[in-house]
Amino acid sequence: MRQNPSFAMTDVAELRRLISRNPWVTLVSQTDDGLVASHYAVLLDDERDDLTIVGHVGRPDDLIHGLGDGELLVVVQGPHGYISPGWYDGGTEVPTWNFVSAHLSGVPELLTPEENLRVLDKLVAHFEGGMPQPRLMWQAPNDPAFVERLEKGTIGFRLTPTKVVAKRKLSQNKTPEVVETIIAELSGDEPWANAPLAAEMRRAHDALAAARKENT
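Residues numbered from 1 in each chain as written. Predicted model: local features only at pLDDT ≥ 70, side-chain atom pairs only at ≥ 80, totals over all residues. Heavy atoms only, no water.

A. Spotlight on the sheet that holds strand β4 (residues 72-83). Here we have eight strands laid out as an open sheet, ordered β6-β7-β3-β2-β1-β4-β5-β8, and antiparallel in their pairing. Across the chains shown, the open sheet's two edge strands, defined by having one partner strand only, are β6 (109-110) and β8 (163-169). Pairing analysis gives three bridges linking strand β2 (residues 34-44) to strand β3 (residues 53-58), with the strands arranged antiparallel. Looking at the pairing, Leu44 lines up with Ile53 of β3. Where helix α1 (residues 12-21) meets the sheet, it contacts β2, β3, β4, β5 (96-106) and β8, and its direction lies at approximately 100 degrees from that of β5. (Pairing = 2+ DSSP bridges. Helix = DSSP H or I, 4+ residues; strand = E, 2+ residues; numbered from the N terminus. Contact = heavy atoms within 4.5 Å. Axes fitted to C-alpha atoms, helices over the stretch in contact; angles between N-to-C directions.)

B. Looking closely at unusual backbone geometry. Here the amide bond leading from Arg59 into Pro60 is cis, since omega sits at 5 degrees, within 30 degrees of zero. The topology assignment puts Pro60 in the loop between β3 and α2 (61-65). Between Ala140 and the following residue, Pro141, the backbone shows a cis peptide bond with an omega angle of 15 degrees. Take Pro141: it is sitting in the loop between α3 (113-128) and α4 (144-152).

C. Geometry of the layout of surface pockets. Looking at the largest pocket, its volume works out to about 260 Å³. In this structure, the largest pocket is lined by 16 residues; those nearest its centre are Leu44, Asp45, Asp46, Val54 and Lys122. Class assignment of the residues belonging to the lining of the largest pocket gives a composition of seven nonpolar, two polar and seven charged. Approximately 190 Å³ is the volume attributed to the second largest pocket. Around the second largest pocket, the lining residues are Ser6, Phe7, Ala8, Met9, Thr10, Glu14, Arg168, Gln172, Arg203, Ala204, Ala207 and Leu208. The element best represented in the lining of the second largest pocket is helix α6 (residues 195-215), accounting for four residues. Across the lining of the second largest pocket, the residue classes tally to six nonpolar, three polar and three charged. (1 Å grid on protein atoms, 1.4 Å probe; cavity = no way out; pocket = protein on both sides within 12 Å on 5 of 7 lines; lining within 4 Å. Points joined across faces, edges and corners; volume = space filled by probe spheres on them. Nonpolar A, V, L, I, M, F, W, Y, C, P; charged D, E, K, R; others polar.)

D. A look at the packing of aromatic side chains. Counting across every chain of the model gives three aromatic pairs. Geometrically, the ring pair formed by Tyr82 and Trp192 is tilted, given 5.4 Å between the ring centres and 50 degrees between the ring planes. Taken together, the positions of Tyr82 in strand β4 and Trp192 in the loop between α5 (176-187) and α6 put the pair 110 residues apart, joining distant regions of the chain. Ring pairing ties together the aromatic residues Tyr82, Trp97 and Trp192, which thus form one cluster. (Phe/Tyr/Trp six-rings, centres within 6.5 Å; stacked < 30°, edge-to-face > 60°.)

E. Highlighting the environment of Val36. Secondary-structure assignment places Val36 in strand β2. When its relative accessible area of 15% is taken as the criterion, Val36 is described as buried. Counting along the chain gives 25 residues from Val36 to Asp61, while the straight-line C-alpha distance between them is 9.5 Å. Excluding residues that lie within four positions of it along the chain, Val36 makes contacts with Leu27, Val28, Ser29, Thr31, Ile64 and His65. (Buried < 20%, exposed > 50% of the residue type's maximum accessible area, 1.4 Å probe, protein only.)

F. Local environment of the pairing of strand β7 (residues 154-159). Counting buried residues in β7 gives six out of six residues, a clear majority hidden from the surface. By the alternation rule, side chains of β7 split into Thr154, Gly156 and Arg158 and Ile155, Phe157 and Leu159, which are all buried. When β3 meets β7, the two strands line up antiparallel, connected through six bridges. Paired with Val54 across the two strands is Arg158, which belongs to β7.

Printed below as a string of structure tokens:
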């Protein structure tokens, strides 16, 4: 992902928020057979306060990726969407795409079966936590034998990234008036309306406005 200083995203708290809110990621590896990509859910490691993530892959994806032997790229995709030039102020413009995304790279550590079980348990608890009647991993009708068979079909990993490239392109190069128009269009009922992207733009631009005010 080509970086642009105006759109660079470096704040660890903001990156943790991005990962937490967008746990369905793309895993990319370079192998002897070429590039390989898979899609899995990950969590921030709750024992760390950095960008370390934990997750799992189903067998034989661990072998297909050469998991643990080489570098793994994890692509985290946040809110994104089309921005029409008709939403600008009438000048010479072209369409674009606003987005928030992060690339985390490093060599993952493979987890022991016991560690993997804990991560699987946390994954289920995390996503079931908001359900009216959560179905947790160890809860009946699941029994220990079933859960252990489940674990044997997966390989857990922990990745502490050694390289992070993150970008938040949310019309920071436009005037406040144009930004407000874009947010309004994204919040409406146009074909390309996108409420999550509108909310992310509002949050980012409110923070930028507060920072400017603080520095004046």
